[in-house]
Amino acid sequence: MDLGIAGKAALVCAASKGLGRGCAMALAREGCVVTIVARTPGPLETAAAEIRAATGATVTAVAADITTDAGRAAALAACPTPDILVNNAGGPPPGNFRDWEREDWLAAVEANMITPILLIKAVVDGMIERGFGRVVNITSTSVKAPIPILGLSNGARAGLTGFIAGLARETVRHNVTINNLLPGPFDTDRLRSTLVATAKAQNLSLEAVTEARRTANPAQRFGTAEEFGDACAYLCSAQASYITGQNMVLDGGAYPGTM
Ligand code: NAP
């Protein structure tokens, strides 16, 4: 299926590894001109080179912290008029809310709510003028089914989700859609570090914790960044113009609700 987005400019945040990289790879494969952002230059340049080599796409790498004003300005300087925006950033740390201070909450809200909103604000009117825009926010299944130790994520991402639910209905008449992708367990560095922390906290082996988590999933496996990227590319496609304001769960069926 030709997704009809060849030549579109895509800005993919937090994309040197994991889910963001998967999205950048899939969009590059569809012929988008891709700008990827991450803080650490080495892995970022490696990812850019790998995406270029795999797809032949034009890929620009911007080493910046997307949660800062300066980082967002650098990303937008490299890709001033994106047709596609994939919002992503690192997830907040796990813990007990009794240990979190105001600064912890502000950092989570800054990274996982305010940053995507400010990036959308910067680009959405240009998308409306051009009559095409696709925004995909990478959130988490914690939005639908809160994860107790991830209270910062549950709260900050729910705030973004509420905001998007309203805005997505205003922009769709201009062929600008805004959707959220909700990952369950995907085989990335983030998941691996969570499993290491769980093993340590429960005094179990990493293998035992990994196996328990894997077999608890109806699919009996973790998701891959490639399949996440393919779902993102579809939401960014020309064909997906009637899908907006949705929260698409990708979790191997782990969320048990009927709808
Ligand atoms: P990952 O494999 O650890 O990759 C994170 C990527 O984001 C890296 O490229 C990292 O590069 C970049 N990044 C982090 N903070 C950044 C910042 N402030 N500015 C710019 N780039 C930044 O993580 P992932 O598994 O792909 O997770 C992506 C998002 O999905 C996270 O918010 C995570 O909480 C959420 N999520 C993941 C899962 C899962 O199972 N994997 C499940 C639910 C939700 P640098 O460190 O060099 O900046």
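Residues numbered from 1 in each chain as written. Predicted model: local features only at pLDDT ≥ 70, side-chain atom pairs only at ≥ 80, totals over all residues. Heavy atoms only, no water.

Colleague: Tell me what's going on with the site of the ligand, and back it up with residues and numbers.
Modeller: Around the ligand, the surrounding shell holds 28 residues, and the nearest of these are Ser16, Leu19, Thr40, Ala89 and Thr188. Taking Thr40, its side chain carries an N or O atom lying 2.6 Å from an oxygen atom of the ligand. Taking Thr188, its side chain carries an N or O atom lying 2.5 Å from an oxygen atom of the ligand. Put simply, the parts of the chain that give the shell around the ligand at least two residues each are helix H1 (18–29) and helix H6 (189–202). (Near = heavy atom within 4 Å. Polar contact = N/O pair within 3.5 Å; in protein donor to acceptor, adjacent residues only side chain to side chain. Helix = DSSP H or I, 4+ residues; strand = E, 2+ residues; numbered from the N terminus.)

Colleague: Describe the sheet that holds strand S4 (residues 84–87), listing the residues and the values that go with them.
Modeller: Overall, parallel pairing links the 7 strands, which are arranged S3-S2-S1-S4-S5-S6-S7 in an open sheet. Here the strands that pair on one side only, and so sit at the sheet edges, are strand S3 (59–63) and strand S7 (247–250). In this sheet, adjacent strand axes meet at a mean angle of 15 degrees when their direction is disregarded. Looking at chain direction, strand S1 (residues 9–12) and strand S2 (residues 33–38) are connected through 4 bridges and run parallel. Note that in S2 the partner of Val12 across the bridge is Ile36. (Pairing = 2+ DSSP bridges. Axes fitted to C-alpha atoms, helices over the stretch in contact; angles between N-to-C directions.)

Colleague: So what's going on with empty space enclosed by the protein? Which residues, and what values?
Modeller: With the rule as written, the count across this model stands at 1 cavity of 30 Å³ or more. Approximately 80 Å³ is the volume attributed to the largest cavity. Asn87, Asn88, Ala89, Ala111 and Pro116 are the residues nearest the centre of the largest cavity, which is lined by 15 residues in total. Among the elements of the structure, helix H4 (102–130), strand S5 (133–138) and helix H5 (151–171) are those that each provide at least two residues to the lining of the largest cavity. Here the lining of the largest cavity takes 5 residues from H4, the largest share from any one element. For the lining of the largest cavity, a count of residues per class yields 8 nonpolar, 6 polar and 1 charged. (1 Å grid on protein atoms, 1.4 Å probe; cavity = no way out; pocket = protein on both sides within 12 Å on 5 of 7 lines; lining within 4 Å. Points joined across faces, edges and corners; volume = space filled by probe spheres on them. Nonpolar A, V, L, I, M, F, W, Y, C, P; charged D, E, K, R; others polar.)

Colleague: Pulling in residues and values, what's your account of the pattern of salt bridges?
Modeller: Inspection of every chain in the model, using the stated rule, returns 10 salt bridges. For Arg192, the salt bridge goes to Asp189, with nearest N and O atoms at 2.8 Å. Of this pair, Arg192 and Asp189 both sit in helix H6, 3 residues apart, roughly one helical turn. Residue classification places Arg192 among the partly exposed positions, given a relative accessible area of 39%. On the basis of relative accessibility, which here comes to 37%, the residue Asp189 falls in the partly exposed class. Measuring nitrogen to oxygen at the nearest pair gives 2.7 Å for the salt bridge that ties Glu227 to Arg221. Salt bridges here are not isolated pairs; linked through shared partners, they connect Lys17, Asp187, Asp189 and Arg192. (Salt bridge = Lys/Arg side-chain N within 4 Å of Asp/Glu carboxyl O. Buried < 20%, exposed > 50% of the residue type's maximum accessible area, 1.4 Å probe, protein only.)

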